[in-house]
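# A structural walkthrough
Spelled out, the chains give:
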Amino acid sequence: MRPTPPPRTYRVKSFGCQMNVYDGERMAELLADQGIAPAPEGEEADLVVLNTCHIREKAAEKVYSDIGRLRREDGTAPLIAVAGCVAQAEGEEIMTRAPSVSMVVGPQAYHRLPQMIADAIEGRRAVDTDMPARTKFDVLPARRKVGPSAFLTVQEGCDKFCTYCVVPYTRGAEISRPFNDLVIEAEKLVDAGAREITLLGQNVNAWRDEAGRGLEKLVEALAAIPALARIRYTTSHPNDMTEGLIAAHRDVEKLMPFLHLPVQAGSDRVLKAMNRSHTAESYMRVLDRVRAVRPDIALSGDFIVGFPGETEAEFAETIKLVETVGYAQCFSFKYSPRPGTPAATMDGQVPAAVMDERLQRLQAALNASQLAFNRASVGKRCTVLVERRGKLDGQWLGKSPWLQSVHFIGEAAIGDLIEVELVEAGPNSLSARLLQPAHA
Ligand code: 5AD
Ligand code: SF4
C-alpha cells in the first residue's frame, strides 16, 4: 500500500447486535480522541470502519461487496478498517481478497486502532485479531455525550457452544468486566445524560464479579445512582437465570419489567441437537418463576426455524410454545449454516422453501402474540422515557417500561420521563395520552 494523508474524517458503520452498536460508539470516540471528526451526513469519509456481524447469512460476502462499494470513480478508496466478528473470523483472508482494506481488527483489539491507523498512513497494512482479556475496556476512552437510553457492555463472549452459533469462536470465552469499572462507567453515562442503561452481554446474566456475585449485585449498585431511572439487561441464557436475579425483578424498582430470554425452539430433540442444555419445560419453569415475582413482565425471545433435522411436528412444538408463553416481542430467524460450527455439517439440512414457509407461520404467531400483549396494555398508566420527536407536530416517541414504542402529543423534551395512559394499541406501537402534571 502507498502512504496516504492522515484521515480528517471517519464513519463507523455497525451491523448486527447491540454489542456492535456499543463497540461502534466506543470506536467513534477513540477516533474523535485522535482528532478525527465524524464525516458530515452525505459526505464521503477519509476513514471508514465496517463493524461487521457474522451471526447469520452470507455475512462475509456482504462485507466484500460493501468494501467494493467504497471504491471511488477514479479507482481510489478511503482508508478502510474491517472490524467486528467477520474480521475475527476471516482475519488475513480479508487482506488477501480485498487489497483496498488496510486494517482488520477483531472485537477484542479495537484499542489498537490508533496505532493501526498510524501504520496505514505510512502504507503498512495490519491485522489484529488477538483476544487479550479485558484490555480494550481499560484503554478505550470514556464517553462524552449520550442519549437518554445508553448501552453498557458488561460481559462478552460465550462458553455455551450452541451448535449453530459462531459467537464462541468470534467473541471468545465469557469474560466479565470488573464491578468497579462498570459502576464508574455507568455514573459517567448518567452524568452525560443517560436516564436508562441497558447492560449488554452475549450472556449478560452470566456476568460475575471478582467475588462471584451475580448480575443482581450490579443492578442494585446502579439502582443507587439517583439520576438513573431505568435499568435493563440483554441477552440472557435460561440456565443463568438465578434466584438472585429473578428476585431483583421484585425488589429493584428501577429494573424494568422486561426479559429477553431466547428459547430458539420448542422441541426437546431440536434443543438437544442445538446443545441448548435446557428443555421447553425447564424454560417454561424459568418463566413461571419470573412471573411469580413480577406478574406484568414482558417476555421476549429468539427463535430459529429449520435447524437441521427439524420435522414439521417439531416445528409445531415451537408454535405451541409461542402460544403458551404469550410473548411481548421476539426475533425469529431462518437457520443459517455458519462455517466451522457443528450444525453446519449435520444431516437433514432443511430446504430453503420449507424454512421460508415455517418462518412465515412463526412470525404470524409472534405478531399475533405481540398485538395481544399491546392490546392488553391499553388502559394502563405508566411512564414513557422520551427518546425523540415524532413525525407529527408536537408528537414525541419513547418507550414504556415493557419496551413498547409509545407515541403521544404534548409538552415534553428528550430524556423526560412522562406519566401517560396507554389508549390505543397497534402491532408495533401504542398511542398514549399525557397525564397531568407531566414531570421530568
Ligand atoms: N442461524 C440462525 N440464527 C442464528 N442465531 C445465532 N446463530 C444463528 C444461525 N446460525 C440467532 C439466535 C440467537 C440470535 C442472536 O441469533 O436466535 O439467539
Ligand atoms: Fe450463541 Fe448459544 Fe452462546 Fe447465545 S448462548 S451466544 S446462541 S452459543
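Heads up: these notes are all about the structure in this document.

The rules we used
Residues numbered from 1 in each chain as written. Chains lettered and ligands numbered in written order. Predicted model: local features only at pLDDT ≥ 70, side-chain atom pairs only at ≥ 80, totals over all residues. Heavy atoms only, no water. Pairing = 2+ DSSP bridges. Helix = DSSP H or I, 4+ residues; strand = E, 2+ residues; numbered from the N terminus. Contact = heavy atoms within 4.5 Å. Axes fitted to C-alpha atoms, helices over the stretch in contact; angles between N-to-C directions. Near = heavy atom within 4 Å. Nonpolar A, V, L, I, M, F, W, Y, C, P; charged D, E, K, R; others polar. Expected span 1.5 Å × (residues − 1). Polar contact = N/O pair within 3.5 Å; in protein donor to acceptor, adjacent residues only side chain to side chain. Areas by Shrake-Rupley, 256 points an atom, 1.4 Å probe, with all protein chains shown as cover. Core = buried A, V, L, I, M, F, W, Y, C linked by side-chain atoms within 4.5 Å. Buried < 20%, exposed > 50% of the residue type's maximum accessible area, 1.4 Å probe, protein only. 1 Å grid on protein atoms, 1.4 Å probe; cavity = no way out; pocket = protein on both sides within 12 Å on 5 of 7 lines; lining within 4 Å. Points joined across faces, edges and corners; volume = space filled by probe spheres on them. Lys, Arg positive; Asp, Glu negative; His and termini not counted. Salt bridge = Lys/Arg side-chain N within 4 Å of Asp/Glu carboxyl O. Parallel < 35°, antiparallel > 145°, perpendicular 65-115°, else oblique. Left-handed = near helix turned anticlockwise from the far one by under 90°.

### Observations concerning the sheet that holds strand β1 (residues 9-14)
Sheet architecture is open: 6 strands sit in the order β2-β1-β3-β4-β5-β6, paired in parallel fashion. Of all strands in the sheet, those with a lone pairing partner are β2 (37-38) and β6 (126-128), marking the two edges. In the sheet, β1 pairs with strand β3 (residues 47-52) via 5 bridges, with the strands oriented parallel. Across the sheet, Ser 14 pairs through a bridge with Asn 51, a residue of β3. Those strands touched by helix α1 (residues 18-33) are β1, β3 and β4 (79-83), and its axis lies near 170° from that of β1.

### Points about the site of ligand 2
Around ligand 2, the surrounding shell consists of Cys 158, Lys 160, Phe 161, Cys 162, Tyr 164, Cys 165, Val 167, Pro 168, Asn 203, His 237 and Arg 276. Broken down by class, the residue content of the shell around ligand 2 amounts to 7 nonpolar, 2 polar and 2 charged.

### Some points on helix α8 (residues 179-191)
For α8, with 13 residues, the first-to-last C-alpha span of 18 Å sits near the 18 Å given by 1.5 Å per residue. Here the buried face of α8 lies against α1, β7 (149-153), β10 (196-200) and α9 (215-223).

### Focus on the site of ligand 1
Taken together, Ile 55, Arg 56, Tyr 164, Gln 264, Asp 302, Ile 304, Phe 333, Lys 334, Tyr 335, Ser 336 and Arg 338 make up all the residues around ligand 1. Tyr 164 is positioned with one of its backbone polar atoms (N or O) 2.9 Å from a nitrogen atom of ligand 1. Contact with the protein chains removes 87% of the 400 Å² of surface that ligand 1 exposes when unbound. Counting residues per element, the ones that place at least two in the shell around ligand 1 are β13 (298-305) and β14 (329-334). Here the shell around ligand 1 is composed, by residue class, of 5 nonpolar, 2 polar and 4 charged.

### What to know about the nonpolar core
If you look at the biggest cluster of nonpolar residues, it comprises 60 residues, and the most contacted ones within it are Leu 199, Leu 215, Leu 218 and Tyr 327. When residues no more than four places from it in sequence are discounted, the contact partners of Tyr 327 are Val 263, Tyr 283, Leu 299, Ser 300, Gly 301, Phe 303, Leu 321, Val 322, Leu 366, Ser 369, Gln 370 and Phe 373. Residues Met 27, Val 105, Tyr 110 and Ala 120 belong to the second largest nonpolar core, which totals 20 residues.

### Observations regarding the layout of surface pockets
Estimated volume of the second largest pocket: approximately 460 Å³. For the second largest pocket, the lining is made up of 19 residues, of which Thr 4, Arg 72, Thr 76, Ala 77 and Pro 78 are closest to its centre.

### Some remarks on the environment of Ala 39
Turning to its location among the elements, Ala 39 is positioned in the loop between β2 and β3. Its relative accessible area of 13% is what places Ala 39 among the buried residues. The spatial distance from the C-alpha of Ala 39 to the C-alpha of Val 12 is 9.5 Å, given a sequence separation of 27 residues.

### A look at the side chain of Gln 108
The residue Gln 108 is located in the loop between β5 (101-105) and α5 (113-121) in this model. At 3.4 Å, the side chain of Gln 108 and the backbone oxygen of Arg 171 are in polar contact. Beyond its immediate sequence surroundings of up to four residues, Gln 108 is in contact with Asp 130, Met 131, Pro 132, Lys 136, Glu 156 and Arg 171.

### What to know about the side chain of Arg 338
Along the chain, Arg 338 turns up in the loop between β14 and α14 (352-377). No salt bridge is formed by the buried Arg 338; the nearest opposite charge belongs to Glu 90, separated by 7.9 Å. One polar contact links the side chain of Arg 338 to the main-chain carbonyl oxygen of Ile 55, over a distance of 3.3 Å. Sequence-distant contacts of Arg 338, defined by excluding residues within four places in its chain, comprise His 54, Ile 55, Arg 56, Glu 57, Ala 59, Tyr 164, Val 166 and Ala 344.

### Brief notes about the pairing of β4
The element β4 is extensively covered by neighbouring structure, given that 5 of its 5 residues are classed as buried. Side chains of β4 alternate between two faces, with Leu 79, Ala 81 and Ala 83 and Ile 80 and Val 82 buried alike. Across 5 bridges, β3 lies against β4 in parallel orientation. Pairing of Leu 47 across the sheet is with Leu 79, part of β4.

### Brief notes about unusual backbone geometry
With an omega of 0°, the peptide bond running from Thr 234 to Thr 235 counts as cis. Looking at where Thr 235 falls in the secondary structure, it is placed in the loop between β11 (230-234) and α10 (243-251). One non-glycine residue, Asn 275, lies in positive phi territory at about 60°. With respect to the helices and strands, Asn 275 occurs in the loop between α11 (268-273) and α12 (280-293). Of the residues examined, Asn 275 reaches a relative accessible area of 36% and is grouped as partly exposed. Of note in the backbone geometry, Ser 277 takes a positive phi value of approximately 55° without being a glycine. Among the secondary structure elements, Ser 277 is positioned in the loop between α11 and α12.

### Here we look at the sheet that holds β14
With respect to topology, 3 strands assemble into an open sheet ordered β12-β13-β14, the strand pairing being parallel. This sheet does not close on itself; its edge strands, each paired only once, are β12 (258-260) and β14. Neighbouring strand axes in the sheet, compared pairwise and without regard to direction, differ in orientation by 10° on average. α14 contacts β13 and β14 of the sheet and is inclined by roughly 180° relative to β14.

### Digging into the packing of helix α13 (residues 312-325) against α14
Following both chains from N to C, one finds α13 and α14 inclined at 10°, their axes separated by 9 Å at the closest point. Considering the angle they form, α13 stands roughly parallel to α14. When the axes of α13 and α14 are compared, the crossing they make is right-handed. Across from Glu 312, Phe 315, Thr 318, Ile 319 and Val 322 in α13, the residues of α14 making contact are Arg 358, Arg 361, Leu 362, Ala 365, Leu 366 and Ser 369. Across the contact of α13 with α14, the residue classes tally to 6 nonpolar, 2 polar and 3 charged.

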